[in-house]
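Observations on the three-dimensional arrangement
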Amino acid sequence: MRLLAWKTLLPLTLVVMGAGVLTGYATEEPPPPLAARDGFGKSGTGDEPPQDPAATAPASDGRAYTPRRTEENARIGAIFEKDDTGNHFCTASVVQSPGRNMLVTAAHCAFDPDTGKPVDGLVFAPDYRDGKEPTGLWKVRKVFVDHRWAASDDEDLDVAFLTLDSKDGKQIQDVLGGNTLGIDRGFDNEVKVTGYPSSRNTPISCQNRTTKYSGTQMRIQCDDFAGGTSGSPWLADYDPKSQTGTVIGVLGGHLGGGDEDDVSYAAYFDDDIAALYRRAQDGD
């Protein structure tokens, strides 16, 4: 098991602007290389057995259900490579940025450590259901990951920000809105997790409280979050009036998000993730 770095964390929620500096982590030994689409953690290959959560509304904490089409859910979507003719293998969601064109997902969804480069030709299908994309496919222009994740797959940095090309003269945030990014929100939060298992063509959602797995990782009990759900946003404090929530984590981190369908992980959003967020804004 890898040695995780422990940090002193201060409670704060913010949308981060400006420039930042990245600092290092110590690791016991580097893990074996990962491939973005090889089924690592909860990235999907499309080979998983079918799943079909029966509920269409939340039944109880920790139980998966099929969410309704809402403005809140519309800014979450499936990630494909090149187009939607293949399998979707990860999940991403829109976060607010000055360029109004940014997604957040897991780093192992978007960066191939074998080549040391971002995965080519990624596209995002927000609100994807049964082969239909209400706002079409959005092409990924740039991928931003922490250089330490790119070098050693540091599970505490399994987060990526993606910027998208415009579509019909509009940015994705103009069309769908975006959530804020929550930094240092603590380990105990009520969240809604929504993602796209590769075995389904509709999303699943789950509501539950997060717990502390380590000083740098969060954990949640949620049924049926299998391959394809890597990158799923952990959304807190959704306000129906402003139609905005706060993403405090994305499914990934420890074991790429977990090796059990009913238990998932997320790297804690701390100063390193805030710095990456700033770098993505500055580099857009």
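**Description of the nonpolar core**
Residues Val95, Phe124, Phe161 and Phe269 are the most contacted members of the largest nonpolar core, which totals 43 residues. Excluding its chain neighbours within four sequence positions, the residues that come into contact with Phe161 are Val95, Met102, Leu103, Val104, Lys142, Val143, Phe144, Leu181, Ile273, Leu276, Tyr277 and Ala280. With 16 residues, the next largest nonpolar core counts Ala64, Ile220, Cys222 and Ala266 among its residues.

**What about unusual backbone geometry?**
The phi dihedral of Lys82 falls on the positive side, at around 75 degrees, and the residue is not glycine. Within the secondary structure, Lys82 is located in the loop between β1 (76-81) and β2 (90-95). Backbone geometry places Asp184, a non-glycine residue, at a positive phi of 55 degrees. When you line up the elements, Asp184 lands in the loop between β9 (180-181) and β10 (190-195).

**Brief notes about the state of the cysteines**
Taken as a whole, this structure holds two disulfides when the rule is applied. Here Cys90 connects covalently by a disulfide to Cys109, the sulfurs 2.1 Å from one another. For the disulfide bridge between Cys90 and Cys109, the dihedral angle about the S-S bond is near -80 degrees, and by the sign convention the bridge is left-handed. Note that Cys90 is positioned in strand β2 and Cys109 in helix α2 (residues 107-110), a separation of 19 residues in sequence. Taken individually, Cys90 and Cys109 each receive the classification buried, so the pair is uniform in this respect. Put simply, Cys206 and Cys222 are joined by a disulfide, and their sulfur atoms are 2.0 Å apart. Negative torsions about the S-S bond denote left-handed disulfides, and the value of about -85 degrees found for Cys206 with Cys222 makes this one left-handed. Note that Cys206 is positioned in strand β11 (residues 204-209) and Cys222 in the loop between β13 (217-221) and β14 (233-239), a separation of 16 residues in sequence. You can call Cys206 buried: its relative accessible area is 0%. Looking at the protein, its bonded cysteines, counted consecutively from the start of the sequence, adopt the pairing 1-2, 3-4.

**Describing the side chain of His254**
Examined against the element boundaries, His254 turns out to sit in the loop between β15 (244-250) and β16 (263-267). We classify His254 as buried; its relative accessible area is 6%. Leave out the neighbours within four places in its chain, and His254 touches Glu155, Tyr213, Gln217 and Tyr265.

**Describing a negative patch on the surface**
Taken together, the side chains of Asp259, Glu260, Asp261 and Asp262 make up a negatively charged region of the molecular surface. Overall, the relative accessible area of 39% leaves Asp261 in the partly exposed class.

**A short note on the sheet that holds strand β7 (residues 138-145)**
Read around the closed barrel, the six strands follow the order β1-β2-β3-β8-β7-β6; overall the barrel is antiparallel. Across the sheet, the axes of successive neighbouring strands diverge by a mean angle of 40 degrees, strand direction being ignored.

**What about the pairing of strand β3 (residues 102-105)?**
The side-chain alternation of β3 yields two buried faces, one formed by Met102 and Val104 and the other by Leu103 and Thr105. As paired strands, β2 and β3 are joined by three bridges and run antiparallel to one another. Bridge assignment links Val95 to a residue of β3, and that residue is Met102. The pairing of β3 with strand β8 (residues 160-164) spans four bridges and is antiparallel. Each residue of the ladder has a partner; that of Met102, found in β8, is Thr163.

What counts and what doesn't
Residues numbered from 1 in each chain as written. Predicted model: local features only at pLDDT ≥ 70, side-chain atom pairs only at ≥ 80, totals over all residues. Heavy atoms only, no water. Core = buried A, V, L, I, M, F, W, Y, C linked by side-chain atoms within 4.5 Å. Buried < 20%, exposed > 50% of the residue type's maximum accessible area, 1.4 Å probe, protein only. Contact = heavy atoms within 4.5 Å. Helix = DSSP H or I, 4+ residues; strand = E, 2+ residues; numbered from the N terminus. Disulfide = S-S within 2.5 Å. Patch = residues over 30% accessible without salt bridge, like charges linked within 9 Å, V, L, I, M, F, W, Y side chains within 5 Å. Areas by Shrake-Rupley, 256 points an atom, 1.4 Å probe, with all protein chains shown as cover. Salt bridge = Lys/Arg side-chain N within 4 Å of Asp/Glu carboxyl O. Lys, Arg positive; Asp, Glu negative; His and termini not counted. Charge placed at Lys NZ, Arg CZ, Asp CG, Glu CD. Pairing = 2+ DSSP bridges. Axes fitted to C-alpha atoms, helices over the stretch in contact; angles between N-to-C directions.

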